[in-house]
Amino acid sequence: MGALARARSAPAFRELGYWLFRYRRTWRGSIVISVANPLLFLTALGLGLGKLVDRNGALHGESYLRFILPGMLVAAVMQTAFLEAAGPVLQSVRQRGNYRAAAATPLSPEDILYGHLMFWALRAAQNAVLFTGVSLLFGAVDPARAPLLVPIALLVAIAFATPAAAWSVTVTRPSQVNAVFRFAVLPLYMFSGTFFPIERLPSWLRPLAWATPLWHGVDLGRAVALGTATPFRALVHVGYLTVMAVAGLLVARRNYRRTLHV
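Residues numbered from 1 in each chain as written. Predicted model: local features only at pLDDT ≥ 70, side-chain atom pairs only at ≥ 80, totals over all residues. Heavy atoms only, no water.

Looking at the side chain of E110
Thought 1: Within the secondary structure layout, E110 lies in helix α6 (residues 109-138).
Thought 2: On the accessibility criterion, E110 (15% relative accessible area) is buried.
Thought 3: Sequence-distant contacts of E110, that is, excluding residues within four places in its chain, are made with R253 and R257. (Helix = DSSP H or I, 4+ residues; strand = E, 2+ residues; numbered from the N terminus. Buried < 20%, exposed > 50% of the residue type's maximum accessible area, 1.4 Å probe, protein only. Contact = heavy atoms within 4.5 Å.)

This is the structure we're talking about:
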């Protein structure tokens with residue numbers, strides 16, 4: 001009990017408490033969305049379009065539903081991570097000003113970053129668990145492998161959230177966040193193998209797909225879900241995403257100090 005009390009009193013946990021307090025007003029709606037989105041996607045793409053794909057045997061005997069599930073899970077968590085990290089960080093620095101209010105207390109810029117990062121991680125884990133649970137109902141993933149998709153999705157979320165926060169803490173206009181989401185984040189869906197194998201892309205585009213972080217998360221999740229993962233390939237994917245997360249965190253620490261130093 002003493003250790004738990006000390007953890008709750010740690011500065012970063014105080015910042016986490018602020019975001020959890022705010023989340024009390026919206027958690028019901030977010031859970032509904034987290035369940036409704038996979039239901040709609042899996043029904044429309046997996047059971048609707050999937051029947052046409054399966055009829056043509058385009059995936060070498062693997063059902064389209066089981067093929068797209070890991071990609072959709074990882075891509076959905078990636079999108080949520082960016083939106084949770086970019087927009088709220090900008091608002092916290094500019095419009096709402098709660099970052100600056102927190103920086104005027106004994107909380108350091110790093111404490112503010114770490115507390116908000118823990119909230120992003122909790123949201124990503126929540127979405128991943130709900131998405132995976134819905135997928136189990138559809139029979140889209142093996143129950144023995146389903147739990148492994150949650151930490152993969154969490155790693156992808158952190159790999160996107162930290163660079164997003166590092167950048168958004170420096171921007172001044174919401175239109176900048178909207179532009180990056182529209183022209184950088186959303187196109188990743190088409191270059192990551194989420195909906196179709198990247199081997200279907202033109203040969204000159206495949207290296208670009210292999211370089212995108214979302215492809216590493218999608219390929220890792222799909223290999224684990226389908227039982228085709230190899231240690232070397234999994235290590236490459238995990239290493240890539242870990243480097244991205246650590247680099248984003250280091251840059252975010254620097255930018256938070258520069259922006260919130262009082």
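What to know about the packing of aromatic side chains
Thought 1: Throughout the structure, instances matching the rule amount to seven aromatic pairs.
Thought 2: An angle of 20 degrees between the planes, with centres 6.3 Å apart, marks the rings of Y64 and F67 as stacked. A residue pair is termed a helical-turn pair when its members lie 3 or 4 positions apart in one helix, as Y64 and F67 do in helix α4 (residues 64-93) at three residues.
Thought 3: By relative accessible area, which is 5% here, Y64 ends up buried.
Thought 4: Taken together, the ring pairs in this structure connect Y18, W19, Y23 and F119 into an aromatic cluster.
Thought 5: Here the basic side chain of R222 rests over the ring of F67, its NZ or CZ set 3.7 Å away from the ring centre. (Phe/Tyr/Trp six-rings, centres within 6.5 Å; stacked < 30°, edge-to-face > 60°. Lys NZ or Arg CZ within 6 Å of the ring centre and 35° of its normal.)

A closer look at helix α8 (residues 174-185)
Thought 1: Between its terminal C-alpha atoms α8 stretches 15 Å, which fits the 16 Å expected from twelve residues at 1.5 Å a residue.
Thought 2: If you follow the buried residues of α8, they end up packed against α4 and α7 (146-168). (Expected span 1.5 Å × (residues − 1).)

Some remarks on the pattern of salt bridges
Thought 1: One pass over the structure, following the stated rule, counts three salt bridges.
Thought 2: E84 is the partner of R123 in a salt bridge, and the nearest nitrogen-oxygen pair spans 3.1 Å. Taken together, the residues R123 in helix α6 and E84 in helix α4 connect sequence positions 39 residues apart.
Thought 3: A relative accessible area of 8% places R123 in the buried class.
Thought 4: A salt bridge links R233 to D219; the shortest N-O distance between them is 2.8 Å. Residue R233 is found in helix α11 (residues 231-260), and its partner D219 is found in helix α10 (residues 213-226); the two are separated by 14 residues along the sequence.
Thought 5: When its relative accessible area of 41% is taken as the criterion, R233 is described as partly exposed.
Thought 6: For D219, a relative accessible area of 16% corresponds to the buried category. (Salt bridge = Lys/Arg side-chain N within 4 Å of Asp/Glu carboxyl O.)

Here we look at helix α2 (residues 11-23)
Thought 1: With 13 residues, α2 extends 19 Å between its outermost C-alpha atoms, agreeing within 8% with the 18 Å of an ideal straight helix rising 1.5 Å per residue.
Thought 2: Along α2, the residues classified as buried are A12, E15, L16, W19 and Y23. Taken end-on, α2 shows its buried residues confined to a sector of 100 degrees, consistent with a single buried face. (Arc of directions from axis to C-beta.)

Observations concerning the UniProt feature "transmembrane region" (unreviewed entry) in the chain
Thought 1: Listed under "transmembrane region" (unreviewed entry) in the UniProt record, and renumbered for this structure, are residues 29-47, 67-90, 117-140, 146-167, 179-198 and 234-252.
Thought 2: Within residues 117-140, the helical portion is 92% and the strand portion 0%, while the C-alpha atoms at the span's ends are 30 Å from each other.
Thought 3: Strand forms 0% of residues 146-167 and helix 100%; the C-alpha atoms that close the span are 33 Å apart. (UniProt positions renumbered as here; feature names shortened; annotations may be inferred.)

Remarks on the packing of α7 against α11
When two helices pack together, their arrangement is given by the angle between their axes and by how far apart the axes lie.
Thought 1: Relative orientation of the contacting elements α7 and α11 amounts to 30 degrees, with a least axis distance of 7 Å. Relative to α11, the element α7 lies roughly parallel. Between α7 and α11 lies a crossing of left-handed hand. Of α11, the residues touching α7 (which contributes L155, V156, I158, A159, F160, T162, P163, A165 and A166) are V238, L241, T242, M244, A245, G248, L249, V251, A252, N255 and Y256.
Thought 2: Of the residues contributing to the contact of α7 with α11, the split by class is 16 nonpolar, four polar and no charged. (Axes fitted to C-alpha atoms, helices over the stretch in contact; angles between N-to-C directions. Parallel < 35°, antiparallel > 145°, perpendicular 65-115°, else oblique. Left-handed = near helix turned anticlockwise from the far one by under 90°. Nonpolar A, V, L, I, M, F, W, Y, C, P; charged D, E, K, R; others polar.)

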